Amino acid sequence: MFNYLLKIEYNGSNFVGWQSQKNGRSIQDEIEKVLKKILKSKIKISGAGRTDKGVHAFGQHACFKYKKKINNKAKFLESINFFLSKNLISVLQIKTKKNNFHARFNAKKRIYEYQIINRPSLLSIDKGKAWHVKKKMNLELLKKGGEILKGTHNFSTFRASSCSAKSPIKKINSIKVRKKKDNILIEFKSQSFLQNQVRSMVGCLRYLSCKIWDLKKFKIVLKSKNRKFCAPPAPAMGLYLTKIKY
């Protein structure tokens, strides 16, 4: 048996998320269908991160096991991308890994990026790819909020009610804020995240940076460990899984 790791890029707009679900099309389902067609065998893939409905990825990873060796990887990539192209899914890379390797459990860091366009005018080119925030955002407050969220905390405030994680305690290694003209990018780095955590944190950071909340209120919300005090989560369209580090 051979173990293969795929690096995947996708536009998540028209999917219910990464993971296979009964209520609609998933990224996982589409890739498994194509693998079955190419490899003539039923294949189950395991993703490194379970991105939600509408979330995009530049660097998702997934592994699968297959009884035969794939000798011509370039031909394999050409074939799988031919069938996936209509779904706006691309497999960027395939690597052979040891049989005990797992895309999810061996991941040391996951990096997500959230994109905000902060301007009064409506979006055209970035529509469906970023969160449009009309009210002026204070970049210094945004950075201060990021510093407060860094480190190890109980993130129950930002946790979805359907989250299956055993513990709400997570460590955020870094939060970086970059701004270029109207484009604000917020990068989050951690070994793992709770369901809806990043989008919920971005929603609260918007409240802080738009001065709906002050720093004192922001800290109280974090320490409350209560979901009902969380600001409305940022929409999925602005969230990207950019990299998995092993």
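Above this text is the structure in question.
What you see is a predicted model; the values in this text were computed from it and never measured. (Residues numbered from 1 in each chain as written. Predicted model: local features only at pLDDT ≥ 70, side-chain atom pairs only at ≥ 80, totals over all residues. Heavy atoms only, no water.)

Visitor: I would appreciate a short explanation of the packing of aromatic side chains in the present structure.
Guide: In this description, a pair of aromatic rings is defined by centroid distance and the angle of the planes. In the structure shown here, the tally under the stated rule is 10 aromatic pairs. Taking the centre distance of 5.2 Å and the plane angle of 5° together, the rings of Phe58 and Tyr240 count as stacked. With Phe58 in strand β3 (residues 56–66) and Tyr240 in strand β10 (residues 239–245), the pair connects residues that are 182 residues apart, well separated along the chain. Given a relative accessible area of 41%, Phe58 falls into the partly exposed group. By relative accessible area, Tyr240 is classed as buried at 11%. (Phe/Tyr/Trp six-rings, centres within 6.5 Å; stacked < 30°, edge-to-face > 60°. Helix = DSSP H or I, 4+ residues; strand = E, 2+ residues; numbered from the N terminus. Buried < 20%, exposed > 50% of the residue type's maximum accessible area, 1.4 Å probe, protein only.)

Visitor: Help me understand the packing of helix α4 (residues 197–209) against helix α5 (residues 215–224) in this model?
Guide: A pair of packed helices is captured by two measures, namely the crossing angle of their axes and the spacing between those axes. Close contact between α4 and α5 brings their axes to 9 Å; oriented N to C, the two are set at 160°. It follows from the interaxial angle that α4 and α5 lie roughly antiparallel. In this structure, α4 meets α5 at a crossing whose hand is right-handed. In this structure, α4 contributes Cys204, Leu205 and Leu208 to the contact, and α5 contributes Leu215, Phe218 and Val221. Taken together, the residues of the contact of α4 with α5 break down into 6 nonpolar, no polar and no charged. (Axes fitted to C-alpha atoms, helices over the stretch in contact; angles between N-to-C directions. Parallel < 35°, antiparallel > 145°, perpendicular 65-115°, else oblique. Left-handed = near helix turned anticlockwise from the far one by under 90°. Contact = heavy atoms within 4.5 Å. Nonpolar A, V, L, I, M, F, W, Y, C, P; charged D, E, K, R; others polar.)

Visitor: Even after reading the chapter, I still don't get the pairing of strand β5 (residues 109–118), so can you show me in this structure?
Guide: A regular strand carries its side chains on alternate faces of the sheet. With 9 of 10 residues buried, β5 lies mostly within the body of the structure. Across 6 bridges, the pairing between β5 and β10 is antiparallel. Bridge pairing in β10 places Ile111 opposite Lys243. With 8 bridges joining them, β5 and strand β9 (residues 183–190) adopt antiparallel strand pairing. Bridging from a neighbouring strand, Ile116 pairs with Ile184 of β9. Where β5 lies against strand β6 (residues 131–133), 3 bridges are found, and the strand directions are parallel. When the sheet's bridge partners are listed, Asn118 is paired in β6 with Val133. (Pairing = 2+ DSSP bridges.)

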